[in-house]
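# Observations on chain architecture
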Amino acid sequence: MASDFHKPALFEGSQFEGFQGGDDPATINRVAHETATALLSRVRSDPHPEVIGRLLTFTDDHGIDAIAELWARASAHSLPGSLWRIYLLRVLIRQDPQNAGYVFERGAEAIPSIDPVIAGAETPTGPKEITELADRILRGLFEGDFAVALERAAAFCHIMAHGCATLADDAEFGSPEQATVLTTRALRFETIGDELHQSAALWRHDALD
């Protein structure tokens, strides 16, 4: 991000924009679905705290690439695709929780919806609160209502999109390049939020494969 931006810089987006689904061979797709289904079924049938704890911190210990290898190429409206998006969001928050919290607060203050209530972050939302929110959302996939966890993640994304858009407006005249980056990121957050919202609806209809 531009060093002369007068607000705290948004967390680095190289991983956010860089990870994309590539080609979609049948074998990769099959492995993605099989591993996601097996993991979720196994843990939700016996949600042992130690196992869930290891899943929460998996990317801390092994990096996001290990998850990307399995699930990043899966459809957005699939179980592995949904898991991938939520793990990626958690990594992004933990990369720079201070700035993630700042963007979230800007978005929560201005967004004309109940998304802040759905997301469930404590206010004011600082580094500690935004990190805890990421963990609660991910934990909810394994031991709570899966659709609710997806909805909370979707609400988080919509708030972040609104925060990025607000910051882009602030930067438009003084730092147009910064404004462009933030606008692009806002669109990315909005897209992921919409995808997770649709996945929640599919899960409720037993149609998220």
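Structure report, in brief. (Residues numbered from 1 in each chain as written. Predicted model: local features only at pLDDT ≥ 70, side-chain atom pairs only at ≥ 80, totals over all residues. Heavy atoms only, no water.)

## A word on the overall build of the protein
For the protein, the count of helices and strands is eleven helices and zero strands. A buried classification covers 46% of the 209 residues belonging to the protein. Sequence-distant contacts, at least 24 apart, represent 77% of the contacts inside the protein between residues at least 6 apart. Only carbon and sulfur atoms are counted for the fraction: they give 53% of the accessible area of the protein, which is about 10,000 Å². (Helix = DSSP H or I, 4+ residues; strand = E, 2+ residues; numbered from the N terminus. Buried < 20%, exposed > 50% of the residue type's maximum accessible area, 1.4 Å probe, protein only. Contact = heavy atoms within 4.5 Å. Areas by Shrake-Rupley, 256 points an atom, 1.4 Å probe, with all protein chains shown as cover.)

## Details of the side chain of S82
Mapped onto the secondary structure, S82 falls in helix α6 (residues 79-95). Side-chain polar atoms of S82 contact the side chain of S199, separated by 3.1 Å. Setting aside chain neighbours within four positions, we find S82 in contact with A76, L150, L196, S199 and L208. (Polar contact = N/O pair within 3.5 Å; in protein donor to acceptor, adjacent residues only side chain to side chain.)

## Topic: empty space enclosed by the protein
Considering all chains together, one arrives at one cavity of 30 Å³ or more under this definition. As a volume, the largest cavity reaches approximately 60 Å³. Taken together, I86, L89, R90, I93, A134, I137, A153 and F156 form the lining of the largest cavity. No other element matches the four residues that α6 contributes to the lining of the largest cavity. Of the residues contributing to the lining of the largest cavity, the split by class is seven nonpolar, no polar and one charged. (1 Å grid on protein atoms, 1.4 Å probe; cavity = no way out; pocket = protein on both sides within 12 Å on 5 of 7 lines; lining within 4 Å. Points joined across faces, edges and corners; volume = space filled by probe spheres on them. Nonpolar A, V, L, I, M, F, W, Y, C, P; charged D, E, K, R; others polar.)

## Points about the environment of A36
By the secondary structure assignment, A36 is in helix α2 (residues 26-45). Sequence spacing of A36 and W71 is 35 residues, and the spatial spacing of their C-alpha atoms is 8.0 Å. Each residue touching A36, except ones within four places of it in the same chain, is listed here: W71, L79, P80 and L83.

## Describing the nonpolar core
In this structure, F104, L141, F142, F156 and L196 are the most contacted members of the largest nonpolar core, which totals 61 residues. Elements supplying a minimum of two residues to this core: α2, α3 (49-56), α5 (64-71), α6, α7 (97-110), α9 (127-143), α10 (146-171) and α11 (176-204). With residues near it in sequence (within four places) discarded, F104 still touches A119, A121, T125, I130, L133, F156, I159 and M160. (Core = buried A, V, L, I, M, F, W, Y, C linked by side-chain atoms within 4.5 Å.)

## With respect to the pattern of salt bridges
All chains considered together, the criterion is met by nine salt bridges. Residue D60 is joined to R90 by a salt bridge in which the shortest nitrogen-to-oxygen separation is 3.1 Å. Highlighted residues: D60 in helix α4 (residues 58-62) and R90 in helix α6, separated in sequence by 30 residues. Look at D60 and you get partly exposed, because its relative accessible area is 37%. (Salt bridge = Lys/Arg side-chain N within 4 Å of Asp/Glu carboxyl O.)

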